[in-house]
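Residue-level structure breakdown
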Amino acid sequence: MAQDKTLIFDIEGMNCGSCVGRVEKALTAVEGVSDARVNLTTQTAQVTGSGAALSAALAEALQQSGYPARIDTHYLSIENMSCASCVGRIERALRAMPGVVSANVSLPREEAVVQVLSGTADGARLAAASTAAGYPARLRTRDDTATTSADARKESERQEQKRMLLIAVLLSLPVFLLEMGSHAIPAVHHWIDGTIGTQNSWLIQFFLTSVVLLWPGGQFFRKGVPALLRGAPDMNSLVALGTFAAWGYSVVALFAPTLLPETARAVYFEAAAVIVTLILLGRFLEARAKGRTGAAIRKLIGLRAVTARVERDGALTEVPVEEIVVGDLIRLRPGEKIAVDGEVISGISYVDESMITGEPVPVEKSEGATLVGGTVNGTGALSFRAIKVGDETMLAQIIRMVETAQGARLPIQDLVNKVTLWFVPAVIVVAALTVTAWLIFGPDPALSHALVAGVSVLIIACPCAMGLATPTSIMVGTGRAAELGILFRQGDALQGLQAVEVVALDKTGTLTEGRPELTDFRVAPEFEEQALLQLVASVEAQSEHPIAQAITRRALQEGLKLVTPDSFESITGQGVSAGIDGRHLLIGADRFLEREGVSLGELKAVGQGYAAEGKTPLYVAVDGQVAAVLSVADRVRPTTLAAITALHDMGLRVAMITGDNRVTAKAIASELGIDHVVAEVLPEGKLAAIEELRGQGRRIAFVGDGINDAPALAGADVGIAIGTGTDVAIEAADVVLMSGDLGGAVNAIEISRRTMRNIRQNLVWAFGYNTLLIPVAAGVFYPLFGLLLSPVLAAAAMALSSVFVLSNALRLRWVTPDAGLALRKPKAVPSLRPAPAE
């Protein structure tokens, strides 16, 4: 069975939520497609499926549906071709690439022309596929066929909308002034009557309005009429119907007035012209706002370095980043941007990793340290070896994760799509019923009233805001999260995280630093602290045990010089015995020293106190006399207490599920105010603990960082991985915290809540707007107050509705870390069941 592949590509012609439903219907009908999701804001589709000709079938289906996929054409120069069989091999290799619609190779010209779904396969990948098949290829640029970047294309579209808007304003303004000025100001009416005359005024309006509809407004007819003829009307269809109805009625009143009752002889050229102008204004404002929704991706892409100094054959060469390969030795100067992920070979410097992790403090880098492409070197010089390049770098993976999250469709969007799929046809039916009702029951001039009401219904009901409500908020929310070092790997996690009631935490590496440190060193009165620490560290330097390394690390930090012991013996599970500088040292647990005949005296009680605090006590004896007791512990991160306090303030319960011993776990839980503790469990036990909590009817988020956390991360309602942890944990999680700080979990939940609140606001506005204003446009207030909504006001309201939704979503760009937590009052929450009996 062929393996499913996921394609993300651009689509043209979508304007509203009903378009999304039709595109998804067309895509899911393609054989081999298992899932299809469409994003109106980004104008993209994400399709998962299998099949040798999947991309071509998708392109064909979209073409037939009236929403063609945007196709990029790449040209490759190919070497080593000698016959037709070479051509066949290359074409098969290229067509096997995800996203390729067609591939045609010319033997005489030694060239391949490859069409791909825009946003899937770039030219470099296509060239690599040909090269891997044995025919070296390089991307060939042509001025007449070069493809522009997505940002450049969108900017071009914005400029075109701006140009069309200006033309529409210039042509519509005289029409509006002639007609509405004549209605509103009697003096203007008399002036027109006495100069050019009413008939000539109408002729001028006819000419200018016709130009508006054919030129700036032509886009509505080019897209809307074919959709209407296919029986799948969209927003463009509504605008085309409404403006053509107003224009057509006015043409009859101007050139064949006898066909209309005398009381109904009026023109509505200004309505048709101003409707087009206002909708173009709305689209221009939408285009500007949409450009801002992708700011996070543009920032991430902007982090990429362009070139790097690479040492090859003993010489330094400035090469493009795309040409760096794994194993290249790269020289990094002060202040330079790091080109690719690598490992430091020599040098010492501090690197600003804030744009990746969110941590503002530069990180020290020396031999053996890892570097992340896109981060910025400080004042030192480094030499490093490339270990990940191209799409394998951390920055490339982050960009992919953000793009996937921004293109995600939340469960709430399914309802929206189902509604909008049938909304436009329903609006056309309502408009037809409105016209019929006015013709039958309306007062004179019934025909004019019917036209005004029918056009107003068509225009005001355009479901643009419905289609934009959810995806725009998702784009901005996940983009802002990425800027704060929070990556939503799974789109539905954005919706799921706001509903969690319990946050379960691993201990080691999540609540704590993840490595033991020497926390206490109590020395007997007869000994000097620094001299004894030097001896102990010199002995422990011979061991690779984490506790020994913690002691050695403290001595080196204090500038003590270590010496080599004369003898060294490790007693498994007990401690060590060593001879150094003519003295005999014993280091280990209390039972070890007591077994060796050493009396611990008062220091034993001190050690027991350390143990009660969750620390590991060790005793030191010199020449048979107890000399000191020290404790080693995995320190709680400085930000952990504030993060747990913030989670409580958000109304959440906090649990700790750890494999560590119960005494240590309960000591830390008591220190941090954790509500529920499950200790001494294996990885499967962590998953069982989560299931137990879920059995109480609560949604669970689990935060962890290690391989042993992977089952719990995958089994929780939402898994949150500390980004400094293992790759296995990250792969199992729904959300990744790049900073390694538990405060990131607080921010993730806050962004999730803010984003879902924003989506609900947008949907209430969008659905409420259409639900309330369609009856108003149909004339429900006319019998009571004599009010009938002007089509011009309907167009303005429709355009402003979309702008409101986009502007509301853009507010998420200003969410700040721990936003509002300090001001939030703690909520009453139900208590958890007590931990299992020890």
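Residues numbered from 1 in each chain as written. Predicted model: local features only at pLDDT ≥ 70, side-chain atom pairs only at ≥ 80, totals over all residues. Heavy atoms only, no water.

1. Regarding the overall build of the protein
Applicable threshold: The numbering of helices and of strands both runs from the N terminus, where a helix is a DSSP run of H or I of at least 4 residues and a strand a run of E of at least 2. Buried residues are those whose accessible area, probed at 1.4 Å on protein chains only, stays under 20% of the maximum for their type, while exposed residues exceed 50% and partly exposed ones sit between those limits. Residue contacts are defined here by distance: any two heavy atoms, one from each residue, within 4.5 Å place the two residues in contact. Areas reported as accessible are Shrake-Rupley estimates using a 1.4 Å probe. Residue values count occlusion only from the protein chains shown.
Along the backbone of the protein there are 29 helices and 29 strands. Here the protein holds 838 residues, and 53% of them are scored as buried. Contacts spanning at least 24 positions in sequence make up 69% of the contacts within the protein whose residues lie at least 6 apart. Surface accessibility of the protein: about 36,700 Å² in total, with carbon and sulfur atoms responsible for 58%.

2. A closer look at the pattern of salt bridges
Put simply, the rule reads: The salt bridge definition used is simple: a Lys or Arg side-chain nitrogen within 4 Å of an Asp or Glu carboxyl oxygen.
Summed over all chains, the structure comprises 20 salt bridges. Linking Glu336 and Arg333 is a salt bridge whose minimum nitrogen-to-oxygen distance equals 2.9 Å. The exposure class assigned to Arg333 is partly exposed, which follows from its relative accessible area of 37%. Several salt bridges converge on common partners, so that one network encompasses Glu691, Arg694 and Asp717.

3. Brief notes about the confidence of the model for the protein
We apply this condition: A residue's pLDDT is the confidence the predictor assigns to it, expressed on a 0 to 100 scale.
Of the residues in the protein, 86% have a pLDDT of 70 or more, and the chain-wide mean is 81. In the model of the protein, helix 26 (residues 727–732) stands out as the element of lowest mean pLDDT, 64, in contrast to strand 10 (residues 329–332), which has the highest, 93. Here residues 142–149 scores under 50 on pLDDT; set against residues more than four positions off or in separate chains, the count is 8 contacts. Scored below 50 in pLDDT, residues 819–838 makes 39 contacts in the model with residues more than four places away or belonging to other chains.

4. Looking at the packing of helix 8 (residues 218–229) against helix 9 (residues 235–255)
Here is the rule: As a rule, the C-alpha atoms of each element are fitted with a line to give its axis, helices using only the stretch in contact, and angles between N-to-C directions run from 0 to 180 degrees. For classification purposes, an angle smaller than 35 degrees is called roughly parallel, one larger than 145 roughly antiparallel, one from 65 to 115 roughly perpendicular, and anything else oblique.
Relative to each other, helix 8 and helix 9 sit at 110°, their axes nearing to 7 Å. By the angle class used here, helix 8 and helix 9 are roughly perpendicular. Side by side, helix 8 and helix 9 meet where Gln219, Phe220, Phe221, Lys223, Gly224, Ala227 and Leu228 of the first sit next to Asn236, Ser237, Val239, Ala240, Leu241, Thr243 and Phe244 of the second.

5. Observations concerning the packing of helix 7 (residues 198–214) against helix 9
Where we set the bar: A clockwise turn of the near helix away from the far one marks a right-handed crossing, whereas an anticlockwise turn of less than a right angle marks a left-handed crossing.
Running from N to C, helix 7 and helix 9 point in directions that differ by 150°, and their axes come no closer than 11 Å. Comparing the axis directions of helix 7 and helix 9 gives the class roughly antiparallel. Handedness of the crossing formed by helix 7 with helix 9: left-handed. Only Thr243, Trp247, Val251, Ala253, Leu254 and Phe255 of helix 9 make contact with helix 7, whose side of the interface consists of Gln199, Trp202, Leu203, Phe206, Thr209, Ser210 and Leu213.

6. Comments concerning the UniProt feature "transmembrane region" (unreviewed entry) in the protein
Worth spelling out the cut-off: UniProt positions are given in the numbering used here, feature names are shortened, and annotations may be inferred rather than shown by experiment.
The UniProt feature table records "transmembrane region" (unreviewed entry) at residues 164–182, 202–218, 238–260, 266–285, 419–441, 447–470, 763–782 and 788–806. Annotation note: span residues 763–782, helix share 85%, strand share 0%, distance between end C-alpha atoms 28 Å. In residues 788–806, helix accounts for 84% and strand for 0%; the two terminal C-alpha atoms are 29 Å from one another.

7. Here's the deal with the nonpolar core
What tends to happen in soluble globular proteins is that the nonpolar side chains get buried as a cluster. How we decide: We call a set of buried residues a nonpolar core when its members are Ala, Val, Leu, Ile, Met, Phe, Trp, Tyr or Cys and they connect through side-chain atoms within 4.5 Å of each other.
One finds Phe9, Leu27, Leu58, Ile486, Leu497 and Val735 to be the most contacted residues of the largest nonpolar core, which totals 130 residues. In terms of residues, this core owes the most to one element, helix 27 (residues 743–778), which gives 12 residues. If near-sequence neighbours (up to four positions away) are discounted, Leu58 is found in contact with Leu7, Phe9, Leu27, Val30, Val33 and Val47. Counting residues in hydrophobic clusters, the runner-up holds 41 residues, among them Val539, Leu560, Ala578 and Val598.

8. Some remarks on helix 23 (residues 662–672)
Residues Thr664, Ala665, Ala667, Ile668, Ala669 and Leu672 constitute the buried set of helix 23. On its buried face, helix 23 sits against strand 19 (512–523), helix 21 (603–612), strand 24 (625–636), helix 22 (640–649), strand 25 (653–657) and strand 26 (676–678). Residue Gly673 follows helix 23 closely and has a positive phi angle near 80°.

9. Thoughts on the sheet that holds strand 23 (residues 616–622)
Under the convention used in this document: DSSP bridges decide pairing: two strands pair if at least two such bridges lie between them.
In spatial order, the strands read 19-24-23-22-21-20; together these 6 strands make up an open sheet with antiparallel pairing. The sheet is open, and its two edges are formed by strand 19 and strand 20 (567–571), each paired on a single side. Taken pair by pair, the neighbouring strands of this sheet meet at an average axis angle of 20°, ignoring direction. The sheet contact formed by strand 22 (residues 583–588) and strand 23 spans 4 bridges and is antiparallel. Pairing of Leu585 across the sheet is with Val622, part of strand 23.

10. Focus: the pairing of strand 22
Relative to strand 22, strand 21 (residues 575–580) runs antiparallel, the two sharing 6 bridges. Across the sheet, Ala578 pairs through a bridge with Leu585, a residue of strand 22. Taking the residues that link successive antiparallel strands as the turn, the strand 21-strand 22 hairpin has 2 residues, and the phi of Asp581 there is positive, at about 50°.

11. Remarks on the environment of Asp234
Positionally, Asp234 belongs in the loop between helix 8 and helix 9. When its relative accessible area of 1% is taken as the criterion, Asp234 is described as buried. Taking the C-alpha atoms as reference points, Asp234 and Val20, separated by 214 residues in sequence, lie 9.9 Å from one another. When near neighbours in sequence (up to four residues on either side) are disregarded, Asp234 contacts Gly13, Asn15, Cys16, Ser18, Cys19, Arg22, Tyr67, Gly224, Ala227 and Val424.

12. Side note on the packing of aromatic side chains
Rule in force here: Working definition: rings of Phe, Tyr and Trp (its six-membered ring) pair if their centres are within 6.5 Å, and the pair is stacked with planes under 30 degrees apart, edge-to-face with planes over 60 apart, and tilted otherwise.
Counted by the stated rule, this structure contains 6 aromatic pairs. Ring centres of Phe206 and Phe255 lie 5.2 Å apart, and the angle between their planes is 80°; on these two criteria the pair is classed as edge-to-face. One end of the pair, Phe206, is in helix 7; the other, Phe255, is in helix 9, with 49 residues separating them in the sequence. According to the relative accessible area criterion, Phe255 is partly exposed, its value standing at 49%. Members of the aromatic cluster, each reached through a chain of ring pairs, are Phe206, Phe244, Trp247, Phe255 and Phe269.

13. Focus: unusual backbone geometry
With an omega of -10°, the peptide bond between Asp444 and Pro445 qualifies as cis. As for its placement among the helices and strands, Pro445 is situated in the loop between helix 14 (411–441) and helix 15 (446–460). Positive phi is not limited to glycine here, since Asp623 has a value of about 55°. Judged by its relative accessible area of 47%, Asp623 is partly exposed.

14. As for the sheet that holds strand 18 (residues 502–505)
Overall, mixed pairing links the 7 strands, which are arranged 17-29-28-27-18-25-26 in an open sheet. Only two strands of the sheet have a single partner each, and these edge strands are strand 17 (486–488) and strand 26. Strand-to-strand twist across the sheet, computed as the mean angle between neighbouring axes with direction ignored, equals 20°. Taken together, the 4 bridges between strand 18 and strand 25 define a ladder with parallel strand orientation. What sits directly across from Val503, in strand 25, is Val654. Its contacts with the sheet put helix 24 (residues 683–694) on strand 18, strand 25, strand 26 and strand 27 (700–704), and the angle it makes with strand 27 is roughly 155°. Helix-sheet contacts for helix 27 involve strand 17, strand 18, strand 27 and strand 29 (735–737), and the interaxial angle to strand 17 is about 50°.

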